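Residues per chain are reported as follows:
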Amino acid sequence: MNINETFKNRSLGLKLILVGALAFLLWIPAMLVYGLVFERSTRAESVKQEIYQLAGGEQTISGPLIIVPAVIETDKLEKFEVPVKRTQYFAFTPQSLDIDSKISATQRRRSIYDATIYDADIEMKGQFSTLVPPAIADGEAKFDWQQAVLAIKFRDDTALKGIRDNLSVKINGREHKATFEPGISLTVLESGRRGDNISLPGISMMLPITDPSATIEFELALPMSGGGALQFAPAGEDTRVSMQSDWPDPSFQGAYLPDSREITDQGFTAQWRIPYLARNLPRSFPVEGNLAFLDQGKSFGVSFVSAASPYKSVNRALKYSLMFLGVVFLTFFLFEATTDARAHPAQYILLGLTQVIFYLMVLAFSEHIGFDAAFAVTAVATVSLSGAYAATVFHSKMRGIIAFAAFSAAYGLIYLLMKSEDYALLIGSVTAFGAIALTMFVTRRLDWYGGRDKA
């Protein structure tokens, strides 16, 4: 007796157990595809970051600030004959800050990967009111107001690549003669000895101050380029930010969501307002480290995400690959349970491998023609092949048509899983319940020991 005849004589209950075991075995190559998706997405992200860096990187703009050096003379200690002196820099934030940014975003392609870069025309307006230094705990500070600088901090030095033109600056309504220089230089002195010369990422220009109590109004035009994201820190006591862009798929990120926003197929607009108490930042503070206190955990803005990226969608569907292998195998099994035809385990394996390769084909094609087109092409090919195979195995065109319809419904559910992040679990769980319920209904009169329907 050959193996096929042996399986025909076995009970359908044992056959169902075997089919379930085959589904688990074929789940292993599906997980290997999952690893390939991870590798391809990591490579895509690496290329994307390279493109971002060439454009200026993901920009985080903090400021403007006024930074003033001060010599701090500590209180005289008994074991010292003279007090200790050190240099300390202090940052002063604007009383009001209005930022208006008009952003034009495009996609750049390298090989089969692409990334979103942008050009932003940023206008900053506001004013500094009376510059009141913070209290000094261990001595008195003598401020050198003539050495004050107006500074804008960036995320890192790469951001300087994104400056497209010289900045235009108006102070109190007049064009300012001084120009911005790269970096924010802080020279640390202690007891008259030169210490470290610290350069922070950003730009700065000299802004001598004659009267710290006088109001200083400013207007800045900052043409910037970058890639992936644009964020701002709430530097003003009252900070208002407005963004307008032609990018239709924004992802609002950071410590604050926009107060209002409008998203259309032509782009988006968004507005933020951050009051003084909400920004968790004093009006003036000592400059320490890389000024991370200014923007760390406080910045907000937008990421220019690509809605067409296939990797997240394929990953989401692969999480349910075992369930869909089970649905395909159950379709074949129900044909066996309701007819005299029998399928060999090798035929189940071939059918299952077709479903596994489907995910691989979606990934491969989507990197070239986009996710929706790739899914349509590979789903039609896979469903047609599986339906034709079912007609051949069970020697019936009608069963092939039924299998084609069942597989089409299954792949429609796969598409919903790939496209829906919020409802993926709901769709998957309802599908699994429905498949089991249908199997129970069709086999409710089946003699699992003999493989025949009860009278």
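Residues numbered from 1 in each chain as written. Predicted model: local features only at pLDDT ≥ 70, side-chain atom pairs only at ≥ 80, totals over all residues. Heavy atoms only, no water.

(A) Expanded view of the overall build of the chain. What the chain contains, in helices and strands, is 10 helices and 18 strands. For the chain, the proportion of its 455 residues judged to be buried stands at 46%. Put simply, of all contacts in the chain between residues at least 6 apart along the chain, 76% involve residues at least 24 apart. As displayed, the chain has an accessible area near 23400 Å², and 56% of this comes from carbon and sulfur atoms. (Helix = DSSP H or I, 4+ residues; strand = E, 2+ residues; numbered from the N terminus. Buried < 20%, exposed > 50% of the residue type's maximum accessible area, 1.4 Å probe, protein only. Contact = heavy atoms within 4.5 Å. Areas by Shrake-Rupley, 256 points an atom, 1.4 Å probe, with all protein chains shown as cover.)

(B) The pattern of salt bridges, seen in detail. Counted according to the given criterion, the structure contains 10 salt bridges. Note that aspartate 100 and lysine 102 form a salt bridge whose closest N and O atoms lie 2.9 Å from each other. A residue is classified by how much of its surface remains accessible, and lysine 102, at 44% relative accessible area, is partly exposed. Among the ionic pairs, aspartate 121 bridges to arginine 164, the shortest N-O distance being 2.7 Å. (Salt bridge = Lys/Arg side-chain N within 4 Å of Asp/Glu carboxyl O.)

(C) Quick peek at empty space enclosed by the protein. Summed over the entire model, instances satisfying the criterion amount to 1 cavity of 30 Å³ or more. Estimates place the volume of the largest cavity at around 50 Å³. Looking at the largest cavity, the residues that line it are Ser321, Phe324, Leu325, Val328, Gln355, Tyr359, Ala410, Tyr411 and Ile414. For the lining of the largest cavity, the secondary-structure elements that each account for two or more residues are helix 6 (321-338), helix 7 (345-369) and helix 9 (397-419). (1 Å grid on protein atoms, 1.4 Å probe; cavity = no way out; pocket = protein on both sides within 12 Å on 5 of 7 lines; lining within 4 Å. Points joined across faces, edges and corners; volume = space filled by probe spheres on them.)

(D) A look at the pairing of strand 3 (residues 96-110). Alignment of strand 3 against strand 4 (residues 113-128), held across 15 bridges, turns out to be antiparallel. Bridging across to strand 4, serine 101 finds its partner in isoleucine 122. (Pairing = 2+ DSSP bridges.)

(E) Up close: the packing of aromatic side chains. Taken as a whole and judged by the stated rule, the model has 21 aromatic pairs. Geometrically, the ring pair formed by phenylalanine 268 and phenylalanine 304 is tilted, given 6.5 Å between the ring centres and 50 degrees between the ring planes. On the criterion of sequence distance, the pair formed by phenylalanine 268 in strand 16 (residues 267-274) and phenylalanine 304 in strand 18 (residues 300-304) is long-range, its members being 36 residues apart. A relative accessible area of 2% places phenylalanine 304 in the buried class. Geometrically, the ring pair formed by tryptophan 272 and phenylalanine 300 is tilted, given 5.5 Å between the ring centres and 40 degrees between the ring planes. One end of the pair, tryptophan 272, is in strand 16; the other, phenylalanine 300, is in strand 18, and 28 residues separate them in sequence. Clustering of aromatic rings is evident, with ring pairs tying together Tyr118, Phe252, Tyr256, Phe268, Trp272, Phe300 and Phe304. One residue, arginine 283, lies across the ring of tyrosine 276, its end atom 4.2 Å from the ring centre. (Phe/Tyr/Trp six-rings, centres within 6.5 Å; stacked < 30°, edge-to-face > 60°. Lys NZ or Arg CZ within 6 Å of the ring centre and 35° of its normal.)

(F) Quick peek at a negative patch on the surface. A cluster of acidic residues, Glu123, Glu175, Glu217 and Glu219, forms a negative patch at the surface. Looking at where glutamate 219 falls in the secondary structure, it is placed in strand 11 (residues 216-227). Glutamate 219 gets classed as partly exposed once you look at its relative accessible area, which sits at 36%. (Patch = residues over 30% accessible without salt bridge, like charges linked within 9 Å, V, L, I, M, F, W, Y side chains within 5 Å. Lys, Arg positive; Asp, Glu negative; His and termini not counted. Charge placed at Lys NZ, Arg CZ, Asp CG, Glu CD.)

(G) Geometry of the nonpolar core. By size, the foremost hydrophobic cluster in this structure holds 66 residues, and its most contacted members are Ile61, Ile66, Ile67 and Met124. Discounting residues that sit within four places of it in the chain, isoleucine 61 has contacts with Ile122, Met124, Ile152, Lys153, Phe154, Leu222, Met224, Leu230, Gln231, Phe232 and Ala233. Membership of the second largest hydrophobic core comes to 58 residues, among which are Ile51, Tyr348, Phe375 and Ala379. (Core = buried A, V, L, I, M, F, W, Y, C linked by side-chain atoms within 4.5 Å.)

(H) Expanded view of the packing of helix 6 against helix 9. Running from N to C, helix 6 and helix 9 point in directions that differ by 165 degrees, and their axes come no closer than 11 Å. In this view, helix 6 runs roughly antiparallel relative to helix 9, as classed from their interaxial angle. The interaxial crossing formed by helix 6 with helix 9 has right-handed handedness. Along the contact surface, helix 6 presents Phe324, Val327, Val328, Thr331, Phe332 and Phe335, while helix 9 presents Arg399, Ile402, Ala403, Ala406, Phe407, Ala410, Leu413, Ile414 and Leu417. (Axes fitted to C-alpha atoms, helices over the stretch in contact; angles between N-to-C directions. Parallel < 35°, antiparallel > 145°, perpendicular 65-115°, else oblique. Left-handed = near helix turned anticlockwise from the far one by under 90°.)

(I) Seen up close, helix 8 (residues 371-393). For helix 8, spanning 23 residues, the distance from its first C-alpha to its last is 32 Å, which sits close to the expected 33 Å at 1.5 Å a residue. For helix 8, the complete set of buried residues consists of Phe371, Ala374, Phe375, Thr378, Ala379, Thr382, Val383, Ser386, Gly387, Ala390, Ala391 and Val393. On its buried side, helix 8 packs onto helix 5 (310-318), helix 6, helix 7 and helix 9. Immediately downstream of helix 8, the backbone of histidine 395 shows phi near 55 degrees, a positive value. (Expected span 1.5 Å × (residues − 1).)

(J) Summary view of the sheet that holds strand 11. With mixed pairing, the 8 strands of this open sheet are ordered in space as 8-7-11-4-3-13-16-15. Looking along the sheet, the strands with just one partner apiece sit at the ends: strand 8 (174-175) and strand 15 (260-264).

(K) Region of the structure containing the side chain of asparagine 315. Tracing the backbone through its elements, the reader meets asparagine 315 in helix 5. Overall, asparagine 315 belongs to the buried group, its relative accessible area being 18%. If near-sequence neighbours (up to four positions away) are discounted, asparagine 315 is found in contact with Tyr34 and Val37.

(L) Fine view of the pairing of strand 16. Pairing of strand 13 (residues 238-245) with strand 16, which is carried by 7 bridges, proceeds in the antiparallel orientation. When the bridges of strand 16 are listed, methionine 243 appears paired with alanine 270. Pairing of strand 15 with strand 16, which is carried by 5 bridges, proceeds in the antiparallel orientation. Note that in strand 16 the partner of arginine 261 across the bridge is alanine 270.

(M) Local environment of the confidence of the model for the chain. Averaged over all residues, the pLDDT of the chain equals 83, while 89% of them reach at least 70. Per-element mean pLDDT across the chain ranges from 46 in helix 1 (residues 3-9) up to 96 in strand 13. This model gives residues 5-9 a pLDDT under 50, and the stretch forms 6 contacts once residues within four places in sequence are excluded. (pLDDT = per-residue confidence, 0-100.)

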